[in-house]
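Each chain, letter by letter, is given below.
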Amino acid sequence: MDLRPLKTARDDLLLLDLDGTVIDIAPLPGEVWVDGSLKSVLHELFMRDPLGLVIVTGRSLSDADRMLTPIRLPAIASHGAEVRVAGTAAASTGALSIRYLKPALEAVLNPFVTCGAIVEWKPYSSAVHVRTAPELAGPVLEALRAFVERNRSYRVQPGPYVFEVLPAGVAKATAVSRLMQHLPYAGRRPVFIGDDCADHDAMREVERVGGTALKVAGEYFPISDSHFASTADVRAWLMSRAREETSGTASDCSRCISE
Ligand SMILES: [Mg+2]
């Protein structure tokens, strides 16, 4: 695909996944490293067009902010359970906290934890990582599917070496759909860049409304079907996009959206 037309597109809304898209995946989510140059590029893009960039991540808002500190960007976080974008007063969307489910879910997951699975508790979901024990993938998925059968307000989101239990109505695709109808973003052309299953649904939604979906090769999309071969390619593209035009605005983090 020729990406050059996107370089000069105005009024695009860049929707950007983090892990596996602009940041290399690490064995554990807490071990990822965000390079300072990536933060600078994201900040530059935001400064040039504050309505042109929204992070879309499964990480919690506080975790995304921690990773990107000192910059703070508009974000759809926790797969859509937290939304901090222009024109919204509160980040929480009212989704149920995972803490109500924690005791019952822990009882299901504890046997897998003793065998090497790693459970990450987020505000609205629980992610079970099996990257270091891939033989557990099948049994964990089976157990979680049985669990959400008994707890119909939740669903399982499978990903590469991770299975996440989250509220049934929460999904990146749903949040992106709402964003595209939300002023002041409505009317913008969405361009979603992502790398995994949860992103794929959001990408279909973006294409449905006339936007563009760009795939990053990795554990979900094969390289033959992707627009970017690696996260490094995405970072290079973002950098070229940031350098394309200069707006003359000073680099001032205080203009970034605050809570
Ligand atoms: Mg990802």
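Shown above is the structure to which this text applies.
Right, let's walk through the structure included here.

Reading the values: the criteria
The residue numbers shown here count from 1 along each chain, following its written sequence. With pLDDT at 70 or above as the cut-off, local features in this predicted model cover only qualifying residues; side-chain atom pairs require 80 or more to be listed or tallied, and sums for whole chains, interfaces and linings still use all residues. The side-chain values count all of the structure's non-hydrogen atoms but skip hydrogen atoms and water molecules. Helix and strand labels come from DSSP, where a helix needs a run of H or I of at least four residues and a strand needs a run of E of at least two; each type is numbered from the N terminus. Buried, partly exposed and exposed residues are distinguished by accessible area as a fraction of the type maximum, computed with a 1.4 Å probe on protein chains only: under 20%, between the cut-offs, and over 50%, respectively. For the purpose of charge, His is not counted, nor are the chain termini; Lys and Arg are scored as positive and Asp and Glu as negative. Salt bridges are defined as contacts in which a side-chain nitrogen from Lys or Arg sits within 4 Å of a carboxyl oxygen from Asp or Glu. Here a polar contact is recorded for every N or O atom pair within 3.5 Å, except that within protein the pair must consist of a potential hydrogen donor and a potential acceptor, and residues adjacent in sequence are included only if both atoms are side-chain atoms. Grid spacing is 1 Å over the protein atoms alone, the probe is 1.4 Å, and a cavity is where that probe fits but cannot get out, while a pocket is an open set with protein on both sides within 12 Å along at least five of seven lines and lining residues have an atom within 4 Å of a point. Grid points are joined across faces, edges and corners, and a volume is the space filled by probe spheres set on the points. For this scheme, ten residues count as nonpolar: Ala, Val, Leu, Ile, Met, Phe, Trp, Tyr, Cys and Pro. Four count as charged, namely Asp, Glu, Lys and Arg, and the remainder, Gly too, count as polar. Here the coordinating atoms are restricted to nitrogen, oxygen and sulfur within 2.8 Å of the metal centre, or 3.2 Å for Na, K and Ca, and because water is not among them the sites may look incomplete.

What follows is about the side chain of E120. In this fold, E120 is placed in strand β5 (residues 118-121). The buried charged residue E120 lacks any salt bridge, with K122 as its nearest oppositely charged partner at 4.5 Å. Separated by 2.8 Å, the side chains of E120 and H129 make a polar contact.

The tally for this structure, following the rule as stated, stands at 17 salt bridges. The salt bridge partner of E205 is R208, with a shortest N-O separation of 2.8 Å. Here E205 and its partner R208 are both found in helix α7 (residues 197-208), 3 residues apart, which amounts to about one turn of the helix. When salt bridges that share partners are traced, they join D19, R59, D63 and R66 into one network.

Turning our attention to the layout of surface pockets. Considering only enclosed or pocket space, the second largest pocket measures out at about 170 Å³ in volume. As for the second largest pocket, its lining consists of G80, V83, V85, T88, A90, A91, S92, T93, A175, R178, L179 and H182. Among the elements that make up the lining of the second largest pocket, the one with the highest residue count is helix α6 (residues 172-180) (3 residues). For the lining of the second largest pocket, a count of residues per class yields 6 nonpolar, 5 polar and 1 charged.

Looking at the magnesium ion, the protein donor atoms are D17 (OD), D19 (O) and D195 (OD), and they sit 2.1 to 2.2 Å from it. Spacing between the donor residues of the magnesium ion along the chain follows D-x1-D-x175-D. Of the two residues, D17 sits in the loop between β1 (12-16) and α2 (36-48) while D195 sits in the loop between β9 (189-194) and α7, which places them 178 residues apart along the sequence.

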